[in-house]
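# What the coordinates show
Residue strings, one per chain:
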Amino acid sequence: MDRFDQSPTDPAFLQDPYPFYDRLRAAGPLAWWTDYDMPVAASHAVVSALLRDRRFGREDPFPPVRPAHQAGFWSVEEHSMLELEPPRHTRLRSQVLRAFTSRRVAALGPEIAALAHGLIDGFPAGTFDLLDAFARPLPVRVIARLLGVPESDAPLLLGWSNAMVGMYQACRTHADELAAAQAATDFTTYLHDIFRAPTDDSLIAQLLAVAQDGKLSPEEVTATCILLLNAGHEATVHTLGNGISGLIAAGHWGTPVTPDLVEEVLRHDPPLHMFTRYATEDVEVQGHRFARGEQVGLLLGAANRDPAAYADPATFDATRFPDAPASTSFGAGLHFCLGAPLARLELLHGLQALSERRPDLRLTEPPRYADIYHFHGLRRLIVS
């Protein structure tokens, strides 16, 4: 297996990781990323297969002792379905799906469109940051309505979300860990206040009803609410920013926004570039022997740019779907993103409203990506 050195915090890599992914993919089905000290997959076929391979999972068979200063974070995260495997994952996901139904999500379409138009009405004159004016507030307001928490609390939710997802960025610092633990603690206290008098017909009220039946624990309800905000909000913000930037750069701004165009937005420059999995048993895959507990990195961003799956993959092609294979942006298999239908709806209605109302939108400075990885999103998006 070929070995590759590439710091995940290198500025050039953060601005454009795709050439490195091309080198990894050319080396074979698996390559060793020395900075992570583990094999990674960069092709669409291998990433897709490993996402579905039940011999690999999210739970570490040999969990490390957590430092005391991280306790607040892990007291939430250890009850999150994102980190669990069957049978607990199966029970938790099935109960959450009883409240988070496709009908409930689809009914949010008109509200999402109205929120998008309201934000556009408030755009300042001249140049401004479209992330702050549109991409950040839209998904957090949607999830606040869905959960049943005041939209006026959006700044609190954003702050906690940003701090908590910092635990998953490359080369996080001790300060990042302290901030994540404090955010998780504060978020939990906030939700417990909401739980005392939930809004009728809110997702929180439905989850609490399931908990009263004994099918979810209070800790699982808390972790689920936090997961829905953190995972759904952070990824959707990045997808909106990356997608708008990509559409404008490719000369496709003003192209009718359809579900197929949304799929190309999700493929071309996805918001999350790596999932990791642990081998749940000793297993040989793609010529490499994994011992139980060893990790593999699944490079979603690389899989989405695989020329074996997508013709001219670096090009934003507004007509690529529905004939192309599904991207890996939402994962696959057991941990396929629970919020994928909501994310697609937000992207569809958000981009439709913005394209219709601001067909002359243009970039006024080159977009730059934030100094984060595995998330991949813009620092700002200055437009007029």
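Just above, that's the structure.
A brief report on the enclosed structure follows. In this text the structure is predicted, and so the values were computed from the model without any measurement.

It is worth spelling out the overall build of the protein at this point. If you tally the helices and strands in the protein, you get 16 helices and 12 strands. Counting only C-alpha atoms, the protein reaches 55 × 55 × 40 Å along its principal axes. Considering the protein as a whole, with its 384 residues, one finds that 56% of them fall into the buried category. When the accessible surface of the protein is split by element, carbon and sulfur atoms take 54% of a total near 16,000 Å². Where the 33 positive side-chain charges of the protein centre and where its 47 negative ones centre are 3 Å apart.

Let us now look at the packing of aromatic side chains. Scanning the entire structure with this criterion turns up 18 aromatic pairs. Each ring, one from F4 and one from F20, has its centre 6.4 Å from the other, and the planes form 80 degrees; the classification is edge-to-face. Residue F4 is located in strand 1 (residues 3–4), and its partner F20 is located in helix 2 (residues 18–26); the two are separated by 16 residues in the primary sequence. Counting every residue linked through ring pairs, the aromatic cluster contains F4, F13, Y18, F20, Y21, W33, Y36 and Y373. We note R66 situated over the ring of W74; from NZ or CZ to the ring centre the distance is 3.6 Å. Of note, R305 hangs over the ring of Y18, and the distance from its end group to the ring centre comes to 3.7 Å.

This paragraph deals with the pattern of salt bridges. As a working rule, side chains carrying opposite charge can pair if their charged atoms are close by. Counted according to the given criterion, the structure contains 18 salt bridges. Where R55 meets D53, a salt bridge forms, and the shortest distance between an N and an O atom there is 2.8 Å. R55 gets classed as partly exposed once you look at its relative accessible area, which sits at 32%. A salt bridge links R145 to E151; the shortest N-O distance between them is 2.4 Å.

What follows deals with the pairing of strand 9 (residues 295–299). Counting buried residues along strand 9, 4 of its 5 residues qualify, which places the element largely inside the surrounding structure. Looking at chain direction, strand 6 (residues 274–279) and strand 9 are connected through 5 bridges and run antiparallel. The residue bridging F275 from the neighbouring strand is L298, located in strand 9.

A few words now on the packing of helix 13 (residues 218–249) against helix 16 (residues 340–357). The interhelical angle for the contact between helix 13 and helix 16, taken along N-to-C directions, is 40 degrees, at an axis separation of 11 Å. With respect to each other, helix 13 and helix 16 are oriented oblique. Crossing of helix 13 against helix 16: the hand is right-handed. The residues of helix 16 that touch helix 13, namely those facing T236, T239, L240 and I244, are A343, E346, L347, L351 and L354. Considered class by class, the residues forming the contact of helix 13 with helix 16 number 6 nonpolar, 2 polar and 1 charged.

As a further point, take the pairing of strand 3 (residues 38–41). Every second residue of strand 3 is oriented toward a common face, with M38 and V40 on one face and P39 and A41 on the other, all of them buried. When strand 2 (residues 31–33) meets strand 3, the two strands line up antiparallel, connected through 3 bridges. Looking across to strand 3, one finds that W33 is bridged to M38. Adjacent in sequence and paired antiparallel, strand 2 and strand 3 are bridged by 4 residues, among which D37 carries a positive phi angle near 55 degrees. Taken together, the 2 bridges between strand 3 and strand 9 define a ladder with parallel strand orientation. Bridge pairing in strand 9 places A41 opposite L298.

Glancing now at helix 5 (residues 88–99). Over its 12 residues, helix 5 runs 18 Å from end to end, which matches the ideal 16 Å to within 8%, given 1.5 Å per residue. Among all positions in helix 5, only H89, L92, R93, Q95, V96 and A99 are buried. An end-on view of helix 5 places all buried positions within 165 degrees of arc, on one side of the element. Each element contacted by the buried residues of helix 5 is listed here: helix 6 (102–106), helix 12 (203–212) and helix 13.

With that out of the way, let us pick up unusual backbone geometry. With glycine set apart, most residues show a phi of negative sign, and most peptide bonds adopt trans. A cis geometry characterises the amide bond from P86 onward to P87, with omega recorded as 5 degrees. Within the fold, P87 resides in the loop between helix 4 (71–77) and helix 5. In this model, F321 is joined to P322 through a cis peptide bond whose omega is 20 degrees. The backbone phi angle of D201 is positive, close to 65 degrees, even though this residue is not glycine. When you line up the elements, D201 lands in the loop between helix 11 (174–196) and helix 12. Its identity as a non-glycine residue notwithstanding, Q286 has a phi of 50 degrees, on the positive side. By the element assignment, Q286 lies in the loop between strand 7 (283–285) and strand 8 (288–290).

Residue placement: L229 occurs in helix 13. Among the residues examined, L229 registers a relative accessible area of 0% and is labelled buried. A C-alpha to C-alpha distance of 9.6 Å links L229 and V142, two positions 87 residues apart in sequence. For L229, the contacting residues outside a window of four places in its chain are V140, I143, L157, S161, F187 and E234.

Cut-offs used in this document
- Residues numbered from 1 in each chain as written.
- Predicted model: local features only at pLDDT ≥ 70, side-chain atom pairs only at ≥ 80, totals over all residues.
- Heavy atoms only, no water.
- Helix = DSSP H or I, 4+ residues; strand = E, 2+ residues; numbered from the N terminus.
- Buried < 20%, exposed > 50% of the residue type's maximum accessible area, 1.4 Å probe, protein only.
- Areas by Shrake-Rupley, 256 points an atom, 1.4 Å probe, with all protein chains shown as cover.
- Lys, Arg positive; Asp, Glu negative; His and termini not counted.
- Charge placed at Lys NZ, Arg CZ, Asp CG, Glu CD.
- Phe/Tyr/Trp six-rings, centres within 6.5 Å; stacked < 30°, edge-to-face > 60°.
- Lys NZ or Arg CZ within 6 Å of the ring centre and 35° of its normal.
- Salt bridge = Lys/Arg side-chain N within 4 Å of Asp/Glu carboxyl O.
- Pairing = 2+ DSSP bridges.
- Axes fitted to C-alpha atoms, helices over the stretch in contact; angles between N-to-C directions.
- Parallel < 35°, antiparallel > 145°, perpendicular 65-115°, else oblique.
- Left-handed = near helix turned anticlockwise from the far one by under 90°.
- Contact = heavy atoms within 4.5 Å.
- Nonpolar A, V, L, I, M, F, W, Y, C, P; charged D, E, K, R; others polar.
- Expected span 1.5 Å × (residues − 1).
- Arc of directions from axis to C-beta.

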